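Chains, contacts and geometry: an overview
Take a look at the letters that make up each chain.
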Amino acid sequence: MRGDTVRIDVLGVGFDNLTLAEAAERGMELLHTEGARYVVTPNPEIVEVCREDPAAREAVNGAALVLPDGIGVIKGAAMLGTPLKERVPGVEFAAQLLERMAGEGKSLYLLGAKPGVAELAAERLKERYPGLRIAGTHDGYFQDDGPIVEDIRQSGADAVFVCLGAPKQELWMARNGPATGARLLCGLGGSLDVFAGTVKRAPKFWRDHGLEWFYRLCSDPWRLGRMIKLPMFLIHVKREGRKK
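My aim in this report is to walk through the structure given alongside it, one point at a time. (Residues numbered from 1 in each chain as written. Predicted model: local features only at pLDDT ≥ 70, side-chain atom pairs only at ≥ 80, totals over all residues. Heavy atoms only, no water.)

1. Focus: the sheet that holds strand β5 (residues 107-112)
A sheet is described by the order of its strands in space; here six strands give the open sequence β4-β3-β8-β7-β5-β6, paired in parallel fashion. The sheet terminates laterally at β4 (65-66) and β6 (133-138), the two strands that pair on one side only. With four bridges joining them, strand β7 (residues 159-163) and strand β8 (residues 184-187) adopt parallel strand pairing. Bridge pairing links F161 to C186 in β8. Sheet strands in contact with helix α7 (residues 145-155) are β5, β6 and β7, and its direction is about 165 degrees off that of β5. (Pairing = 2+ DSSP bridges. Helix = DSSP H or I, 4+ residues; strand = E, 2+ residues; numbered from the N terminus. Contact = heavy atoms within 4.5 Å. Axes fitted to C-alpha atoms, helices over the stretch in contact; angles between N-to-C directions.)

Listed below in structure tokens is the structure:
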């Protein structure tokens, strides 16, 4: 339970049952609330990680918003008899949040991806969302949290997009969120590459038909090892459904 939202349990991960628009509105509410909060966007792969890693599960469930990024999560929830309203892709949640932040002149820090990507994403985001202020950027290749946390705190950023991959980004936000001074941190995986234009999202047809995962696999065959978690996720969902 978070506020007035009852979470839907899918293999031990509690998802907030919100539409994309509702999630964006809730994100802005958090941005106007004192203290640090963070948002996570698990897909089936991350749910499987959480099944095996108690620390990751605690970090994910400790988020103020847990959004279902992955058609597999939607199908899994339905199979368990507790359907979620809709899929909420992290990159689309971020885009809606950015539009609202720009309208209010809020500031954003970008953390993650390869060297140079965050800076390129920053330039593109400033062009796309006039009014958005970029407080700072840093790539995801660092060993010590301390200097990064201090840089974010000194920047005065209202929000931070943390794109370090799962579960590193979730653990990082749970550990460092309050020390950054930001009110909202969002774990968004590979979104910086999308915003920078170095990686393209699946065409709308593929997204609308729940096939974005397959498009990514066709584009990047090296993902096959990670994708093997999807059938394992569905097997575990069926097993859990039989227990009910």
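2. Some remarks on unusual backbone geometry
Leaving glycine aside, a negative phi is the common case for residues, and trans is the common case for peptide bonds. Here the bond from A166 into P167 is cis, since omega is 0 degrees, no more than 30 degrees from zero. Mapped onto the secondary structure, P167 falls in the loop between β7 and α8 (168-180).

3. Details of the environment of V73
Within the secondary structure, V73 sits in helix α4 (residues 71-79). Along the chain, V73 and E45 lie 28 residues apart, while their C-alpha atoms are 9.5 Å from each other. Once residues within four sequence positions are removed from consideration, V73 is found in contact with F15, P42, N43, P44, P68, L84 and F233.

4. Description of the pairing of β8
Neither face of β8 is exposed, since L184 and C186 on one face and L185 and G187 on the opposite face are all buried. Relative to β8, strand β3 (residues 37-40) runs parallel, the two sharing three bridges. Paired with Y38 across the bridge in β8 is L185. Following the backbone out of β7, through α8 and into the adjacent parallel β8, one traces a crossover that is right-handed. (Buried < 20%, exposed > 50% of the residue type's maximum accessible area, 1.4 Å probe, protein only. Right-handed = clockwise from strand over helix to strand, strands pointing away.)

5. A look at the packing of helix α1 (residues 20-31) against helix α5 (residues 90-104)
Two elements in contact, α1 and α5, have axes separated by 9 Å at closest approach and are oriented at 45 degrees. Accordingly, the angle class assigned to the pair α1 and α5 is oblique. By crossing handedness, the relation of α1 to α5 is classed as right-handed. On α5, the residues touching L20, A21, A23, A24, E25, G27, M28 and L31 of α1 are E92, F93, Q96, L97, R100, M101 and E104. (Parallel < 35°, antiparallel > 145°, perpendicular 65-115°, else oblique. Left-handed = near helix turned anticlockwise from the far one by under 90°.)

6. Quick look at the pattern of salt bridges
By the definition in use, this model includes eleven salt bridges. Put simply, K126 and E123 hold a salt bridge, and the shortest N to O gap is 3.3 Å. Of this pair, K126 and E123 both sit in helix α6 (residues 117-128), three residues apart, roughly one helical turn. Accessibility expressed as a relative area gives 38% for K126, which makes it partly exposed. Residue E123 is classed as partly exposed on the basis of its relative accessible area, which comes to 42%. (Salt bridge = Lys/Arg side-chain N within 4 Å of Asp/Glu carboxyl O.)

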